[in-house]
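As a plain string of letters, each chain reads:
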Amino acid sequence: RNHDNLDGNTNKSAEQTTVPKPFTVFLKLDTGYHRAGVPATSTEAIDLAMRIHTSKFANLVGVYSHCGHAYDANEHDTLQDIAKTDLEQIQQFLNSFRSALANAKSLLSSPQSIVDDLIVSVGSTPSLFHHPNNKSDVDIQNLEIHPGNYTLYDRQQLWTGACRDESQVAG
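**Here we look at the sheet that holds strand S5 (residues 142-145)**
Okay, step 1: The strand order across the open sheet built from five strands is S2-S1-S3-S4-S5, with neighbouring strands paired in parallel fashion. Here the strands that pair on one side only, and so sit at the sheet edges, are strand S2 (38-39) and S5.
Okay, step 2: In the sheet, strand S3 (residues 58-64) pairs with strand S4 (residues 119-122) via three bridges, with the strands oriented parallel. Within S4, the position partnered with Gly-62 by the bridge is Ile-119.
Okay, step 3: In the packing of helix H2 (residues 43-54) onto the sheet, contacts are made with strand S1 (23-30), S2 and S3, and the angle to S1 comes to roughly 175°.
Okay, step 4: Sitting on the sheet, helix H3 (residues 76-103) touches S1, S3, S4 and S5, and the angle it makes with S4 is about 155°.

If you want it as C-alpha cells, here you go:
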C-alpha cells in the first residue's frame, strides 16, 4: 500500500528536483469496499488530496471509487444503498476538500473551481443502474459512472440482478 502512504511518496518526491511534466492523478477513495484507496471521509484523504494539489510533480484531476462490495448484494434496496452511500461519501470528501482549500494560503484558483473541475468517477457493474442518471440528482459537476464489465455480463451479474436473464450473459 505504498501508493496510499503519504510518507513513502514524500520521500520519493524529495529526491527529485525537476519533472518535465506533472503526472495526472486520480485519488482513489474507499467508500466501503475496503480493498484499495484512502477512506473517503478520513482526514488522511484530505491531507493526501492537499499534498497532491500542491505538488509540482502531480496534477490532481479527479477522484475515483469502486463500490466492489456491490458484488456481494443481489437485492435492489441494498444496491441502491451502496450507490447512494458511495456518492454521499464522495460529496462529503469534496466538501471537506473545498474547505481545506479555502483555509490554504496562496491559491491560484478559487476552492470552488478547483473542486468543480475534478472528475468524479464512481461505480461498479452491479451498482450501475442504481446511481443517479440525472445530473440534477447530485451536486457533482463532472460525474462519470464506470460500469466495469457491464458490456460483458457474466453469471455473477445475473446473480446480482444487474442483468435480467441468461440471454444477456456473455458466452
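After that view of the structure, there is still more to cover.
**As for the pairing of S4**
Okay, step 1: Across four bridges, S4 lies against S5 in parallel orientation. Residue pairing for S5: Val-120 is matched across the bridge by Leu-143.

**Considerations on the pairing of S1**
Okay, step 1: Pairing geometry for S1 and S3, over six bridges, is parallel. Paired with Phe-26 across the bridge in S3 is Gly-62.
Okay, step 2: Pairing geometry for S1 and S2, over two bridges, is parallel. From the neighbouring strand, Leu-29 faces S2, where its bridge partner is Val-38.

**Examining the nonpolar core**
Okay, step 1: Leu-27, Leu-29, Ile-90, Phe-93, Leu-94, Phe-97 and Val-120 are the most contacted members of the largest nonpolar core, which has 27 residues in total.
Okay, step 2: Listing elements by their share of this core, those giving two or more residues are S1, H2, S3, H3, helix H4 (111-116) and S4.
Okay, step 3: Leave out the neighbours within four places in its chain, and Leu-94 touches Val-115, Leu-118, Val-120 and Ile-140.

**Observations concerning unusual backbone geometry**
Peptide bonds are mostly trans, and most non-glycine residues show a negative phi.
Okay, step 1: At His-34, a residue that is not glycine, the phi angle is positive and equals roughly 60°.
Okay, step 2: Its location among the elements puts His-34 in the loop between S1 and S2.

**Some words on the packing of H2 against H3**
In a pair of packed helices, the angle between the axes and the distance between the axes together describe the arrangement.
Okay, step 1: Contact geometry of H2 with H3 gives a least axis separation of 10 Å together with a crossing angle of 55°. In terms of their interaxial angle, H2 and H3 are classed as oblique. Note that H2 runs across H3; the crossing there is right-handed. Note on element contacts: H3 touches H2 through Phe-93, Ser-96, Phe-97, Ala-100 and Leu-101, opposite Ala-45, Ile-46, Ala-49, Met-50 and His-53.
Okay, step 2: Grouping the constituent residues of the contact of H2 with H3 by class yields eight nonpolar, two polar and no charged.

What counts and how
- Residues numbered from 1 in each chain as written.
- Predicted model: local features only at pLDDT ≥ 70, side-chain atom pairs only at ≥ 80, totals over all residues.
- Heavy atoms only, no water.
- Pairing = 2+ DSSP bridges.
- Helix = DSSP H or I, 4+ residues; strand = E, 2+ residues; numbered from the N terminus.
- Contact = heavy atoms within 4.5 Å.
- Axes fitted to C-alpha atoms, helices over the stretch in contact; angles between N-to-C directions.
- Core = buried A, V, L, I, M, F, W, Y, C linked by side-chain atoms within 4.5 Å.
- Buried < 20%, exposed > 50% of the residue type's maximum accessible area, 1.4 Å probe, protein only.
- Parallel < 35°, antiparallel > 145°, perpendicular 65-115°, else oblique.
- Left-handed = near helix turned anticlockwise from the far one by under 90°.
- Nonpolar A, V, L, I, M, F, W, Y, C, P; charged D, E, K, R; others polar.

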